[in-house]
Amino acid sequence: MLFHTWMFALFFLGVYPVYLAVRRTRLRAPWLLLASYVFYGAWNPLYLVLIVYATLVDYTAVRCMARTRRRFWRGLWLAVSVANSVALLSQFKYAGFVVGSLNDLLAAMGTGLSVPSPGVVWPVGFESMGNALAEHLNVYLAHLGIGYAIPRVGLLLPVGISFYTFQSMSYTIDFFRGRVEEEPNFIRFATFVSLFPQLVAGPIERARNLLPQLRTPRPIAFRDVTDGLSLFVVGLFKKVALADYLASYVDGVYGAPGRFGAPALILATLAFTWQIYFDFSGYTDMARGIGRMMGFRLMLNFNNPYLAMGLGDFWSRWHISLSTWFKDYVYIPLGGNRKGKARTYVNMFLTMVISGLWHGAAWTFVLWGVLHALGRMATRELEATSFYRDRVPRLVKQLGVFLFVAFAWIFFRAQSLDDALLIVSRIATAEWTDPALPLLAGGLVASIWAYQFVYESRVRRWLQWTPLRVALVVAMILYLAIVPGDEGQPFIYFQF
Amino acid sequence: MTTKNDRQIPPPGRDAEVAYGSNDIRLSGRQWLVVAAVAGVVLAALPTAWERIERIAPADDYRVPYPLSEDYWLFDRLCRRARRRGQVLVLGDSVVWGHYVTNDRTLPAALNARLGRQRFANLGVDGIHPAALTGLIEHYGRGADGAKVLLHANLLWMSSDRHDLRTRKAFAFNHPQLVPQFSPAIPCYRETVTNRLAIAIRRRSALHAWASHLRRAYFDGRDLPAWSLDHPYANPLGQIALVIPAGRAAAAPTDQAVAWTRRGIRPLNAPWVPLDLSFQWARFRRAVEVLRERGCELFVVVGPFNEPMLTGESLAAYRRLTGAAAAWLRARGVPCTVPRALPSEYYADASHPLADGYATLAERLLAEESFARFADVGPTEGAMP
């Protein structure tokens, strides 16, 4: 169920009034959990098996940890929980990648050996059992004249698995570290793992922020509703009017990079740079808006990242919930910056590579992570010099970071490593032909960027002028009502 | 008992303020009211204002241009225009629209030609079928309320399970946005629940119909972003010519506008779906009911069909079908006629007459007393000049 569909609108219109009615009663968590499972099951009801399983394991692990004071047993239960989460992710995301890479290596070594392909990456037996069940139920649905069929499993990665496993994992780790208290109520814990506004693409909430909000509902003021609505409309505009528009240009060029000249490849890369921002931050805005209307404060996930003046700054503005997750649960446990410069850079490197792999099981993502690690080290060194700090104009720094990030996105977006290298080489060598980027798209992006520059400047108060804000929202609503077509595109980050 | 965990727990998150966002677009309740009022007025007024600005190319025997067959907003507008002019609205599929003939050779044009005045308005839609036509009337046909309507029943749509949309095997048929999305279920229609829901909601929105009209009339049927990819430097506003052309040309290539026997089409052994089982007939009946509920004065023409094209057994079944259809209509007090089959060489295929066929059919219809009475045609009108 995508936020920008009528299906979700009806779902929310059904869920919200009941939620308002029961939010001060014991039914609050069960109602939220039911709504969240309906929301998630709308993709495929069989996915629910996985999320319930992941929830049960982590809930049980913390229950067991809470019942012992011995560090060994607590550590063992933490290990069980983390291993289970990592195994789930590995099974669904990385099995194919590991086996494929291994076979490439064996072939390159001329061994003539190969590891059997895992095929579809569902756990053994789950695929056949799930599909048999789906087919059985589909027969009944057809007989009832219901125009819906449960999709076959095994074709796609379960939506949002990377997000909810990380969210759940943070709970067990934080409990182990004593930073969060045990949640004894299973329904409430399951709601924390699956809360529908942020279930499939974040923000990846921490237990210490979200669980207290689930335990003790904060009052919903009228301002929460209007704020939530404001966030939602901005997010919807980002997704439908901007991200989907840019996607149609980017998909054309990146689908066949060999056919395009350097300007088109450069502009498509810049267009993707904005597409992924609008797509993901648009989703987050909508998620936070829905959460706010329901009385939840979900964390800020994007803070105008393309105005960053260094890569460290960029990562404190881009997908904040994930970068802080990696900081708290990977970088700092590795030693962070406490063990000297060389070790700091090794830790940084490892964290960024793992972050790349989190996004997808392919060498392009690994390379993307490596590039960011190297860029992060380079800008850290630059930032240590007084010349860079004091003499280089702010705008130059911002443009430098933006162009580096855009360059790295080539590896993120390209369909294969060969494609990515082809794009890089063609940008440098191919002829200059008409890029055919619609002026309208370019104008829209330029306007947003200009808005962001003003927002972070001394004249920000201009943007607070009420008639301007009202006019912008009216313009967005009119644009959304009239201009875009009927075909909505899924969110990019759902595939992660 | 205080545990290690309890001691280190930070204060509850309810009081911890989280940053609102990364922009200043944050409206209060009053400001949202202003937004709702301004956007609501603009969006509600736009389609009506547009109708005053945008012209329809003046043409006798106007019909919806073929590329605008899915422009349902235009259909509604043409219905209203015809009703205002006191015309009889002729509703139906490509047989009414005139798939093989130019706009001045269709059935409504032939009727007008014999009367010497624009009495009949061609509101046929090429490519439509009864299930979709019913949806078109239900959702976009309020302009026809209270008008005189000549409804054509093309029984071709009951000639096989596939035509009747009864087959379980999925296939793409025309105008899926107009058919029932949930109930009654159409077994060959496969669409996600999300999309079905979106269709069901959108077709209740005049604004959506109007926005779709803009796309079809000026942007090659595509939304503005998609269109701009092919015209990256063009000014979209310059595309809007504010004139809807007339659909003069036939939809079929001219070399197909000849008798079916010359096109190498083989005789048809249609299995025919019995009326009581037919989905398309059920939807046609629904169209009749809707039109009557809306105060329309109705006359139904059943067929004619290219009967010589049918094999013996199939022809007998067809005749039983037309008889049953006419009986159903008469039992409900709906005036109807089952015209005699036209000469076979007047057909381009099983159901589409050629220009001579339409002329003959018009002559025969006008000769019928019940039809003349329905159409307010005087005793001398319609006679051969």
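Predicted model only: the values in this text are computed from it and were never measured. (Residues numbered from 1 in each chain as written. Chains lettered and ligands numbered in written order. Predicted model: local features only at pLDDT ≥ 70, side-chain atom pairs only at ≥ 80, totals over all residues.)

## Considering the overall build of chain A
Right, on to step 1. Along its length, chain A carries 19 helices and zero strands.
Right, on to step 2. Its C-alpha radius of gyration of 24 Å places chain A within 12% of the 23 Å reference for a compact globule of 496 residues.
Right, on to step 3. Dimensions of chain A, computed from C-alpha atoms along their principal axes, come out at roughly 70 × 60 × 55 Å.
Right, on to step 4. Counting all 496 residues of chain A, 43% fall into the buried class. (Helix = DSSP H or I, 4+ residues; strand = E, 2+ residues; numbered from the N terminus. Rg over C-alpha atoms; globule rule 2.2 N^0.38 Å. Buried ≥ 20, exposed ≤ 12 C-beta atoms within 10 Å, placed from the backbone.)

## Regarding the overall build of chain B
Right, on to step 1. When you go through chain B residue by residue, the secondary structure sums to 14 helices and seven strands.
Right, on to step 2. Each of the three principal axes of chain B carries a C-alpha extent, and together these read 100 × 50 × 40 Å.
Right, on to step 3. For chain B, the proportion of contacts with a sequence separation of at least 24, taken over those separated by at least 6, is 77%. (Contact = placed C-beta atoms within 7 Å.)

## Thoughts on the sheet that holds strand 3 (residues 120-122) of chain B
All names here are of chain B.
Right, on to step 1. Sheet architecture is open: five strands sit in the order 3-2-4-6-7, paired in parallel fashion. With one partner strand each, in any of the chains shown, strand 3 and strand 7 (336-337) form the two edges of the open sheet.
Right, on to step 2. Sheet topology places strand 6 (residues 297-302) next to strand 7; two bridges connect them, and they run parallel. Within strand 7, the residue paired with Val 301 across the bridge is Thr 337. (Pairing = 2+ DSSP bridges.)

## What about helix 9 (residues 222-255) of chain A?
Along an α-helix, a turn takes 3.6 residues, which lines up residues three or four apart on a common side.
Residues and elements named next belong to chain A.
Right, on to step 1. Compared with the 50 Å implied by 1.5 Å per residue over 34 residues, the 46 Å span of helix 9 between its first and last C-alpha is a close match.
Right, on to step 2. At Ala 243, helix 9 is deflected by roughly 30°, the largest bend along its length.
Right, on to step 3. The buried fraction of helix 9 is high, at 26 of 34 residues. (Expected span 1.5 Å × (residues − 1). Bend = angle between axes of the 7 residues up to and from the residue.)

## Quick word on the nonpolar core
Right, on to step 1. Val233(A), Leu246(A), Val250(A), Ala268(A) and Phe411(A) are the most contacted members of the largest nonpolar core, which totals 129 residues.
Right, on to step 2. When residues in this core are grouped by element, the largest group, 17 residues, is from helix 9 of chain A.
Right, on to step 3. No fewer than three residues from each of domain 1 (6-121 + 157-217) and domain 2 (223-495) of chain A sit in this core.
Right, on to step 4. Here Ala268(A) is in contact with Tyr249(A), Val250(A), Val253(A) and Tyr254(A), once residues within four sequence places are set aside.
Right, on to step 5. Among the nonpolar cores identified, the runner-up in size contains 96 residues, and Trp73(B), Val90(B), Ile137(B) and Leu178(B) belong to it. (Core = buried A, V, L, I, M, F, W, Y, C linked by C-beta atoms within 7 Å. Domains from an automatic or database assignment.)

## Remarks on the domain arrangement of chain A
All names here are of chain A.
Right, on to step 1. Once the domains are mapped, chain A shows domain 1 (6-121 + 157-217) and domain 2 (223-495).
Right, on to step 2. For domain 1 and domain 2, the distance between their C-alpha centres works out to 26 Å.
Right, on to step 3. The interface is formed by 24 residues belonging to domain 1 together with 23 residues belonging to domain 2.
Right, on to step 4. Contributing elements (two or more residues each) for the side of domain 1 that touches domain 2: helix 1 (6-22), helix 4 (71-108), helix 6 (161-177) and helix 8 (207-215).
Right, on to step 5. Considered class by class, the residues forming the side of domain 1 that touches domain 2 number 14 nonpolar, eight polar and two charged. (Nonpolar A, V, L, I, M, F, W, Y, C, P; charged D, E, K, R; others polar.)

## Some thoughts on the confidence of the model for chain B
All names here are of chain B.
Right, on to step 1. Overall, the predicted model of chain B reaches an average pLDDT of 88, with 94% of residues at or above 70.
Right, on to step 2. In the predicted structure, residues 1-16 sits below a pLDDT of 50 and forms 22 contacts with residues beyond four places in sequence or in another chain.
Right, on to step 3. Prediction confidence for the complex, expressed as pTM and ipTM, is 0.85 and 0.82 respectively. (pLDDT = per-residue confidence, 0-100.)

## Focus: the interface of chain A and chain B
Right, on to step 1. Listed as interface residues are 58 residues of chain A and, on the opposing side, 50 residues of chain B.
Right, on to step 2. Among the elements of the structure, helix 1, helix 8, helix 9, helix 18 (439-455) and helix 19 (466-482) of chain A are those that each provide at least two residues to the side of chain A that touches chain B.
Right, on to step 3. Along the lines of polarity and charge, the residues of the side of chain A that touches chain B split into 33 nonpolar, 15 polar and 10 charged.

## As for helix 8 of chain A
All names here are of chain A.
Right, on to step 1. Most of helix 8 sits inside the fold, with eight of its nine residues counted as buried.
Right, on to step 2. Burial in helix 8 covers these residues: Ala 207, Arg 208, Asn 209, Leu 210, Leu 211, Pro 212, Gln 213 and Leu 214.
Right, on to step 3. On its buried face, helix 8 sits against helix 2 (28-41), helix 6 and helix 7 (186-194).

## Overview of the packing of helix 10 (residues 262-293) of chain A against helix 16 (residues 394-413) of chain A
All names here are of chain A.
Right, on to step 1. One way to put it is that helix 10 packs onto helix 16 with a least axis distance of 9 Å and a crossing angle of 85°. The angle between helix 10 and helix 16 places the two elements in the roughly perpendicular class. For the pair helix 10 and helix 16, contact is made by Thr 269, Leu 270, Phe 272, Thr 273 and Ile 276 and by Val 405, Ala 406, Trp 409, Ile 410 and Arg 413, respectively.
Right, on to step 2. Considering only residue class, the contact of helix 10 with helix 16 consists of seven nonpolar, two polar and one charged. (Axes fitted to C-alpha atoms, helices over the stretch in contact; angles between N-to-C directions. Parallel < 35°, antiparallel > 145°, perpendicular 65-115°, else oblique.)

## Regarding the pairing of strand 4 (residues 148-153) of chain B
All names here are of chain B.
Right, on to step 1. The buried fraction of strand 4 is high, at five of six residues.
Right, on to step 2. Pairing geometry for strand 2 (residues 88-91) and strand 4, over four bridges, is parallel. Bridge pairing in strand 4 links Leu 89 to Val 149.
Right, on to step 3. Pairing of strand 4 with strand 6 involves six bridges; the strand directions are parallel. Considered in strand 6, the bridge of Ala 153 is made with Val 302.

## With respect to unusual backbone geometry
Right, on to step 1. A cis amide bond, omega -5°, links Ser183(B) with the succeeding residue Pro184(B).
Right, on to step 2. Mapped onto the elements of the fold, Pro184(B) is located in the loop between strand 4 and helix 7 (193-202).
Right, on to step 3. Pro304(B) follows Gly303(B) through a cis peptide bond whose omega is 5°.
Right, on to step 4. Its place among the elements puts Pro304(B) in the loop between strand 6 and helix 12 (312-331).
Right, on to step 5. The phi torsion at Ala436(A) lies on the positive side, around 55°, for a residue other than glycine.
Right, on to step 6. The backbone of Asp61(B) shows a phi angle near 55°, a positive value even though the residue is not glycine.

## Describing the environment of Leu237(B)
Right, on to step 1. Note that Leu237(B) resides in helix 10 (residues 236-239).
Right, on to step 2. Between the alpha carbons of Leu237(B) and Asn174(B) there is a distance of 30 Å; along the sequence they are 63 residues apart.

## Examining the environment of Asn304(A)
Right, on to step 1. Mapped onto the fold, Asn304(A) is located in the loop between helix 10 and helix 11 (311-315).
Right, on to step 2. Exposure remark for Asn304(A): the 19 C-beta atoms within 10 Å place this residue in the partly exposed category.
Right, on to step 3. The sequence separation of Asn304(A) and Val115(A) amounts to 189 residues, and the corresponding C-alpha distance is 45 Å.
Right, on to step 4. Beyond its immediate chain neighbours, meaning those up to four positions away, Asn304(A) contacts Arg317(A), Gln452(A), Tyr455(A), Glu456(A) and Ser22(B).

## Structural notes on the pairing of strand 2 of chain B
Residues and elements named next belong to chain B.
Right, on to step 1. Going residue by residue along strand 2, you find Val 88 and Val 90 tucked away on one face and Leu 89 and Leu 91 tucked away on the opposite face as well.
Right, on to step 2. Where strand 2 meets strand 3, three bridges bridge the pair, whose relative direction is parallel. Each bridged residue has a counterpart across the sheet, and for Val 88 the counterpart in strand 3 is Phe 120.

## Things to note about the environment of Leu123(B)
All names here are of chain B.
Right, on to step 1. Residue placement: Leu 123 occurs in the loop between strand 3 and helix 6 (130-140).
Right, on to step 2. Note: C-alpha distance between Leu 123 and Ser 228 (105 residues apart in sequence) is 32 Å.
Right, on to step 3. Ignoring anything within four residues of it in the chain, the contact list for Leu 123 reads Phe 75, Leu 78, Cys 79, Ala 82, Leu 89, Val 90 and Leu 91.

## Topic: the packing of helix 10 of chain A against helix 17 (residues 417-429) of chain A
Residues and elements named next belong to chain A.
Right, on to step 1. Interaxial distance between helix 10 and helix 17 falls to 8 Å at its minimum, and their mutual angle equals 125°. Taken together, the axis directions place helix 10 and helix 17 in an arrangement best described as oblique. Every pair of crossing elements has a handedness; the one defined by helix 10 and helix 17 is left-handed. For the pair helix 10 and helix 17, contact is made by Ala 262, Leu 265 and Ile 266 and by Ile 423, Arg 426 and Ile 427, respectively.
Right, on to step 2. In terms of residue class, the contact of helix 10 with helix 17 is made up of five nonpolar, no polar and one charged. (Left-handed = near helix turned anticlockwise from the far one by under 90°.)

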